[in-house]
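Below, each chain spelled out in residue letters.
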Amino acid sequence: MSKVFKKTSGNGDLTLYLGKRDFVDHVTSVDIVDGVLKVDPANLNGRKVFVYLACAFRYGSEDLDVIGLSCRRDIWVKRVQVFPVIAGGIGKTPMQEALVKKAGEQAHHFSFEMPTNLPCSVALQPGPNDSGKACGVDFELKAYIANAADDGDEVIEKKDTCRLMIRKIQFSPASTNAGPKAEITSPLQLSASLGKENYYHGDPISINVKINNDSSKVVKKIKITVEQNTAVVLYSSDNYVKAVCSEEFGETINANSTFEKEFTMTPLLANNSEKRGIAVDGRLKDGDTNLASTTLCESGEKEMQGIIISYKVKVSVSLSSGGLLGSLTGSDVVAELPLILMSPKPAEVSDVTLE
């Protein structure tokens, strides 16, 4: 291991160890969260030690927690008892073997298997004047000393806990498929297609536009927009659409003429840094990130909760009748294309292929 992540409780009795903090969702399975907890039993006084992994949606400032108003909703929680050790536990992974050597005596291993229908780590970008932690989905690994694993009446002191934030992430699947295509046949013939199925963050997106203007109107301009759709699925489902890249092209296409051209668009977080509510990939610290990646889920998967991200490219062709009233009597013809926008798969992560 090149790096070990650890966190110690305020009383010094617990220390969490992880070999990594990014866990990959392969669509059909998710990396096992395998860690080690070092326990000093001297001050337990008959209490037990537990570890939980929680996926939660945060929708308010941490300041609200202080006055007793919860600003988190747990989407999924799992708890395991680490000490005293329960007989019949599973064996250690190679990662845990290495962590136990690092932690020394009194180290106990634990594992969590996350279901595939959990969302990935995502944050909603705050506005320039907003303060506090951003809304979004996060994953918390927490060790604590208590009499019972989950007793709502028991008060657990902060000094008896330690926690590490982790991320659940997805990478772009391997794909050699052609890009999506959309066709509109009235009032003119519009065909739009993407150069390929998947695009990486920061790469230019190629959009091929073909027009057969068999109408009596004149095309005055073409507008291409990349939209991010953020579906927040909790008690109900709310959708928020934000344009993350948009450009107009002054192309004139007369009646009874044809047109074909390839356009390029590059949606970047840097160009949306002050837009409130833009979804970005979750980050563990205030480091660089990018626009949130497309959420992939297995076909037939039961409904996912949390935040679900998708993108589409809209090609809008503006028609005008010409003359003084042309701009008032014009209309738009729109073609929409689904877009998969993600980060490339690192060499050490196995391939996942879209069906």
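This one's a predicted model, so the numbers in the text were calculated from it and none came from an experiment. By convention here, each chain's residues receive numbers from 1 onward along its written sequence. The model is predicted, so local features are restricted to residues of pLDDT at least 70 and side-chain atom pairs to those at 80 or more, both for listing and for counting; the totals for chains, interfaces and linings are taken over all residues. Calculated side-chain values reflect all of the structure's heavy atoms, with hydrogen atoms and water omitted.

Draft legend 1. How the structure looks around the environment of Ile205. Only runs of H or I of at least four residues qualify as helices and only runs of E of at least two qualify as strands under DSSP, and these elements are numbered from the N terminus. If you trace the backbone, Ile205 turns up in strand β14 (residues 205–213). Its relative accessible area of 0% is what places Ile205 among the buried residues. Contact between two residues is taken to exist if any of their heavy atoms lie within 4.5 Å; hydrogens are not considered. Every residue in contact with Ile205, bar those within four places of it in the chain, is listed here: Leu194, Tyr199, Phe263, Thr264, Met265, Pro267 and Leu339. Type-normalised accessible area, obtained with a 1.4 Å probe on protein chains alone, sets the label of each residue: buried when under 20%, exposed when over 50%, and partly exposed for intermediate values.

Draft legend 2. Up close: the pattern of salt bridges. Each reported salt bridge corresponds to a side-chain nitrogen of Lys or Arg within 4 Å of a carboxyl oxygen of Asp or Glu. Applying the stated criterion to the full structure yields twelve salt bridges. Put simply, Glu183 and Lys181 hold a salt bridge, and the shortest N to O gap is 3.4 Å. The exposed category is assigned to Glu183, whose relative accessible area is 54%. According to the relative accessible area criterion, Lys181 is exposed, its value standing at 57%. Members of the salt-bridge network, linked through shared partners, are Arg47, Lys159 and Asp160.

Draft legend 3. Examining the side chain of Glu251 more closely. Take Glu251: it is sitting in the loop between β16 (237–249) and β17 (257–265). A polar contact of 2.9 Å, which involves the side chain of Glu251, links it to the side chain of Lys261. In this structure, Glu251 is in contact with Val219, Lys220, Lys221, Ile222, Phe259, Lys261 and Phe263, ignoring residues within four places of it in sequence. Whenever a nitrogen or oxygen atom comes within 3.5 Å of another N or O atom, the pair is scored as a polar contact, on the condition that within protein one atom can donate a hydrogen and the other can accept it, and that pairs from neighbouring residues in sequence are kept only if both atoms are in side chains.

Draft legend 4. Broad picture of the sheet that holds strand β20 (residues 331–342). Strand pairing is defined by DSSP finding a minimum of two bridges between the two strands. In space, the five strands of this open sheet follow the order β13-β20-β19-β15-β16, with mixed pairing throughout. Of all the strands in the sheet, just β13 (198–200) and β16 have a single pairing partner and so form its edges. Along the sheet, successive strands turn relative to each other by an average axial angle of 35°, direction set aside. When strand β15 (residues 218–233) meets β16, the two strands line up antiparallel, connected through twelve bridges. Along β16, the bridge assignment pairs Asn229 with Val241. In this analysis an axis means a line fitted to C-alpha atoms, helices contributing only their contacting stretch, and an angle means the value between N-to-C directions, from 0 to 180 degrees.

Draft legend 5. Fine view of the environment of Ile184. Topologically, Ile184 is positioned in strand β11 (residues 181–184). Between the C-alpha atoms of Ile184 and Val334, which are 150 residues apart in sequence, the distance is 7.8 Å. Apart from the residues within four sequence positions on either side, Ile184 is in contact with Gln189, Leu190, Val333, Val334 and Ala335.

Draft legend 6. Broad picture of the side chain of Thr161. With respect to the helices and strands, the residue Thr161 is situated in strand β10 (residues 161–169). Residue classification places Thr161 among the buried positions, given a relative accessible area of 14%. A polar contact is formed between the side chain of Thr161 and the backbone oxygen of Lys158, at a distance of 2.8 Å. Setting aside anything within four residues of it in sequence, one finds Thr161 in contact with Ser9, Gly10, Lys142, Ala143, Tyr144 and Ile156.

Draft legend 7. Local environment of the pairing of strand β5 (residues 48–58). Burial within β5 is extensive, with ten of its eleven residues counted as buried. Bridge analysis of β5 against strand β9 (residues 136–146) gives eleven bridges, and the strand direction is antiparallel. What sits directly across from Arg58, in β9, is Gly136. In this structure, β5 lies alongside strand β6 (residues 72–83), joined through ten bridges in antiparallel fashion. By the bridge assignment, Ala54 is partnered in β6 with Val77.

Draft legend 8. Molecular detail of the sheet that holds strand β1 (residues 5–8). The strand order across the open sheet formed by four strands is β1-β2-β4-β7, and the pairing between neighbours is antiparallel. Edge positions in the sheet fall to β1 and β7 (107–112), since each of these pairs with one other strand and no more. Ignoring which end each strand starts from, the neighbouring axes of this sheet average 20° apart. Where strand β4 (residues 33–39) and β7 come together, six bridges link them in antiparallel fashion. Residue pairing in the sheet places Val33 in a bridge with Phe112 of β7. Sheet strands touched by helix α2 (residues 94–103): β2 (14–18), β4 and β7. Its angle to β4, the strand with the most contacts, is close to 20°.

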